[in-house]
Amino acid sequence: MSETTATAAAPKGRRPIVPFLRLPDGGEPYLAGQRCGGCGAVYLGQRLACAKCLGRGPFSEVPLSSTGELYVWSIVHQSFPGVPVPYVVGIVDLPEGVSVRCNLVDVEPDPKALRFGMKVEMTTGVSQQDNEGNDVVAFYFRPARN
Amino acid sequence: MGQGFVAGVSMLKFGRYKDRDVTDLGGEACLMALDDAGLTMRDVQYMAAGCLMQANAMVGQRILHEIGQTGIPVVNVANACATGSTAFREAYLAVASGEADVALAVGVEQMGKAGLLGGGGGGSGIRTEGVVGSGLMPAVFGQAGMEHMRKYGTSQEQFAKVAVKNHKHATRNPLSQYQVETPLEQVLGARMVAYPNTLLMCCPSGDGAAAAVVVSEKKARELGATVRVRASVLTSDPWSDRDLTQPDVNTLTRNAAKLAYERAGLGPEDIDLVELHDCFATAELLHYENLGLCKDGEAGRMIDEGATTHGGRVPVNVSGGLLSKGHPLGATGVANIYEVVTHLRGRAKERQVPDAKVGLAHVIGLGSACTINILSS
């Protein structure tokens, strides 16, 4: 779907792990939201109509902040074969009013290291290669450094 | 709408049946439920079959190939973990609408040793699990529990007490997949799956089948069936702030509960026993509040005080719940009906809730679906 569009914008040999991660040439990666013109609800990814107000849009793309607050988290110790454990996962609330599901990095997989509402910031990295050998770029959140 | 009565129920012990298949297990459950009702396939005018993992394989019709091909309408239902309870509701609606006097609902599943569910990559061939957060059920329900912890200060220990309670309840249920008590230290000390849920705070996977016969008022009178469906409600997830990112299992349950109590003309204070969707220990506490069994923020205290233990104010999951009885997806919702009906008939033997007159069965399927059935004797 919209993945084609997103991939086209990325340099050859790199692709984002999800369509709403944008990798602009020479710019900082960012997450893109779709804002409903009727009620202001923001979505990750396209909607045919607004799930909140039912309006048919128009939707406009909004770049999302790279910092947010950790809403909830978990530490996964058992996963699919081949997925390294443990890893820290969470839901991050962004100031634009949308939440993102993500992995948290640069933090110990220990409940004591995690705090509800802690400030986090986005970072990116190559998570794997796809079948054609392109780098798959993923976004992560980590404790904010400022 | 007319009324629906449950004239017969059945449940096969949940566990592993590696030498049998879903038509065989489902067929046996159907015949047992018909025997229980004093009816035969000749009497059945409508059938709804729930089997999630073979949703495209005409399980209902294949069951009829084994137990009687009478040419009746059959629908095959898939609604995630609410598959079986949705099939029950379809059977109820067939009767309540006047289309059928006798309808059969069956739920069946063979999961074998299928492990973790959820966390699919969306078919792109790129792995997102463990990269873009987790879609695995233990983590999703772990996070749902963490939300409760964030709001109300609920502790991991309080969640763990749910597992202690339900495992203990299961020791009185011969149809439960596991029948082993697990003290609190053992639950907390078990291998962590996804914080705060340890292995003993996660439901097992397994096989199973259950069936129920729903009949009209006229037929119920003939058969002497007295358990009435007071409400049979299905909701989907309405828009809520984080639902698309972190499935909101609360709002759709609250909507279903409100509607079910209204239709039944009853309130939470009238409920004598509850079978609710404890796929993970964290989930159970959320649903105490969602179903109105206690006020918001009081679920932790409710488990501490033993209010939901057998003998408490409102016993929850006296069957052992999904945590111990097991959770063969398609069978679960019908098995809940089996449990509630068995108590309302006073046939639950050593786990009988004394004088049970009204019972509530709740199921959640992620994606999301919620069913609530309220039954009374």
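Residues numbered from 1 in each chain as written. Chains lettered and ligands numbered in written order. Predicted model: local features only at pLDDT ≥ 70, side-chain atom pairs only at ≥ 80, totals over all residues. Heavy atoms only, no water.

**Quick look at the overall build of chain B**
Item 1. In terms of helices and strands, chain B carries 12 helices and 11 strands.
Item 2. Taking 21 Å as the expected radius of gyration for a compact globule of 377 residues, we find that chain B reaches 19 Å, a close match to that expectation.
Item 3. By its C-alpha atoms, chain B is 55 × 50 × 40 Å across when sized along the principal axes.
Item 4. In chain B, 75% of the contacts between residues at least 6 apart in sequence involve partners at least 24 apart.
Item 5. Accessible surface for chain B amounts to roughly 13,000 Å². Of this, 48% is attributable to carbon and sulfur atoms.
Item 6. Between the centroid of the 34 positive side chains of chain B and the centroid of its 39 negative side chains there is a distance of 1 Å. (Helix = DSSP H or I, 4+ residues; strand = E, 2+ residues; numbered from the N terminus. Rg over C-alpha atoms; globule rule 2.2 N^0.38 Å. Contact = heavy atoms within 4.5 Å. Areas by Shrake-Rupley, 256 points an atom, 1.4 Å probe, with all protein chains shown as cover. Lys, Arg positive; Asp, Glu negative; His and termini not counted. Charge placed at Lys NZ, Arg CZ, Asp CG, Glu CD.)

**A few points about the nonpolar core**
Item 1. Among the nonpolar cores identified, the biggest contains 91 residues, and A:Leu31, A:Leu104, A:Phe139, A:Phe141, B:Tyr288 and B:Ile374 are the most heavily contacted of them.
Item 2. Of all hydrophobic cores here, the second largest spans 37 residues; its members include B:Val9, B:Met11, B:Ile337 and B:Tyr338. (Core = buried A, V, L, I, M, F, W, Y, C linked by side-chain atoms within 4.5 Å. Buried < 20%, exposed > 50% of the residue type's maximum accessible area, 1.4 Å probe, protein only.)

**Looking at the side chain of B:Thr308**
Residue and element names in this part refer to chain B.
Item 1. Mapped onto the elements of the fold, Thr308 is located in the loop between helix 10 (299-304) and helix 11 (321-325).
Item 2. Of the residues examined, Thr308 reaches a relative accessible area of 0% and is grouped as buried.
Item 3. The residues touching Thr308, leaving out its near neighbours within four places in the chain, are Lys165, His169, Tyr288, Met302, Ile303, Val314, Pro315 and Val316.

**Observations concerning helix 1 (residues 22-37) of chain B**
All names here are of chain B.
Item 1. Compared with the 22 Å implied by 1.5 Å per residue over 16 residues, the 22 Å span of helix 1 between its first and last C-alpha is a close match.
Item 2. Taken together, the buried positions of helix 1 are occupied by Val22, Thr23, Leu25, Gly26, Gly27, Ala29, Cys30, Ala33, Leu34 and Ala37.
Item 3. Lining the buried residues of helix 1 we find strand 1 (4-11), strand 2 (46-50), helix 2 (59-67), strand 4 (102-110), strand 7 (207-215) and helix 7 (217-223).
Item 4. Among the residues trailing helix 1, Gly38 stands out with phi positive, at a value near 75°. (Expected span 1.5 Å × (residues − 1).)

**Quick word on the confidence of the model for chain A**
If pLDDT is low for a region, its predicted coordinates should not be looked at in detail.
Item 1. Confidence in the prediction of chain A, expressed as mean pLDDT, is 92, and 92% of residues score 70 or more.
Item 2. Low pLDDT (under 50) marks residues 1-5 of chain A, which in the prediction has 4 contacts with non-local residues, meaning those over four places away or in another chain. (pLDDT = per-residue confidence, 0-100.)

**Some details on the sheet that holds strand 1 of chain B**
To summarise the sheet geometry, strands pair through backbone hydrogen bonds and adopt either a parallel or an antiparallel arrangement.
Residues and elements named next belong to chain B.
Item 1. Here 9 strands make up an open sheet; going across it, the order is 3-2-4-7-1-8-11-10-9 and the pairing mixed. Looking at which strands have only one partner, the edges of the open sheet turn out to be strand 3 (74-77) and strand 9 (273-275). Adjacent strand axes in the sheet meet at a mean angle of 25° when their direction is disregarded.
Item 2. Looking at chain direction, strand 2 and strand 4 are connected through 5 bridges and run parallel. (Pairing = 2+ DSSP bridges. Axes fitted to C-alpha atoms, helices over the stretch in contact; angles between N-to-C directions.)

**Points about the packing of helix 4 (residues 137-152) of chain B against helix 9 (residues 281-290) of chain B**
Residues and elements named next belong to chain B.
Item 1. Put simply, helix 4 and helix 9 touch, their axes get as near as 8 Å, and they point 55° apart. When the interaxial angle is binned, helix 4 and helix 9 end up oblique. Between helix 4 and helix 9 lies a crossing of left-handed hand. Residues Phe141, Gly142, Ala144, Gly145, His148 and Tyr152 of helix 4 form the contact with helix 9, whose own contacting residues are Thr282, Ala283, Leu286 and Glu289. (Parallel < 35°, antiparallel > 145°, perpendicular 65-115°, else oblique. Left-handed = near helix turned anticlockwise from the far one by under 90°.)

**As for the interface of chain B and chain A**
Item 1. In this assembly, 30 residues from chain B lie in contact with 41 residues from chain A.
Item 2. In total, chain B and chain A occlude about 3,400 Å² of area from one another, counting both sides; carbon and sulfur atoms represent 62% of this.
Item 3. The salt bridge involving B:Arg242 is made with A:Asp93; its shortest N-O contact spans 2.7 Å.
Item 4. Run the count over chain B and chain A and you get 16 residue pairs in polar contact (both at pLDDT 80 or more).
Item 5. Secondary structure elements with two or more residues in the side of chain B that touches chain A: helix 4 and strand 5 (192-194) of chain B.
Item 6. Among the elements that make up the side of chain B that touches chain A, the one with the highest residue count is helix 4 of chain B (6 residues).
Item 7. Here the side of chain B that touches chain A is composed, by residue class, of 14 nonpolar, 10 polar and 6 charged. (Buried area = accessible area lost by both parts, 1.4 Å probe. Salt bridge = Lys/Arg side-chain N within 4 Å of Asp/Glu carboxyl O. Polar contact = N/O pair within 3.5 Å; in protein donor to acceptor, adjacent residues only side chain to side chain. Nonpolar A, V, L, I, M, F, W, Y, C, P; charged D, E, K, R; others polar.)

**Considerations on the state of the cysteines**
Residues and elements named next belong to chain B.
Item 1. One pass over the full model with this rule turns up 0 disulfides over all chains.
Item 2. Left unpaired, Cys30 is separated from the closest cysteine sulfur, that of Cys51, by 12 Å.
Item 3. Residue Cys30 is classed as buried on the basis of its relative accessible area of 0%.
Item 4. Here Cys294 stays free of any disulfide, with the sulfur of Cys370 as its closest cysteine sulfur at 16 Å.
Item 5. On the basis of relative accessible area, Cys294 is assigned to the buried category, the value being 12%. (Disulfide = S-S within 2.5 Å.)

**As for the packing of aromatic side chains**
Item 1. For the structure shown, the criterion picks out 6 aromatic pairs over all chains.
Item 2. Seen from their ring centres, B:Phe141 and B:Phe280 are 5.5 Å apart, and the 25° between their planes marks the pair as stacked. Remark: B:Phe280 occurs in the loop between strand 9 and helix 9 and B:Phe141 occurs in helix 4; sequence separation between them is 139 residues.
Item 3. Taken together, the ring pairs connect A:Phe20, A:Phe139 and A:Phe141 into an aromatic cluster. (Phe/Tyr/Trp six-rings, centres within 6.5 Å; stacked < 30°, edge-to-face > 60°.)

**Quick word on unusual backbone geometry**
Peptide bonds are mostly trans, and most non-glycine residues show a negative phi.
Item 1. A:Val85 connects to A:Pro86 through a cis peptide bond whose omega is -5°.
Item 2. Note that A:Pro86 resides in the loop between strand 6 (67-76) and strand 7 (87-94).
Item 3. With an omega of 5°, the peptide bond between B:Tyr195 and B:Pro196 qualifies as cis.
Item 4. Inspection of the secondary structure assignment puts B:Pro196 in the loop between strand 5 and strand 6 (197-198).
Item 5. The backbone phi angle of B:Asn317 is positive, close to 55°, even though this residue is not glycine.

**As for the pattern of salt bridges**
Residues and elements named next belong to chain B.
Item 1. Going through the model one piece at a time under the given rule, you end up with 19 salt bridges over all chains.
Item 2. One salt bridge connects Lys219 with Glu222, and the closest N-O pair in it is separated by 3.4 Å. Within this pair, Lys219 and its partner Glu222 are both found in helix 7, separated by 3 residues, close to a single helical turn.
Item 3. Its relative accessible area of 54% is what places Glu222 among the exposed residues.

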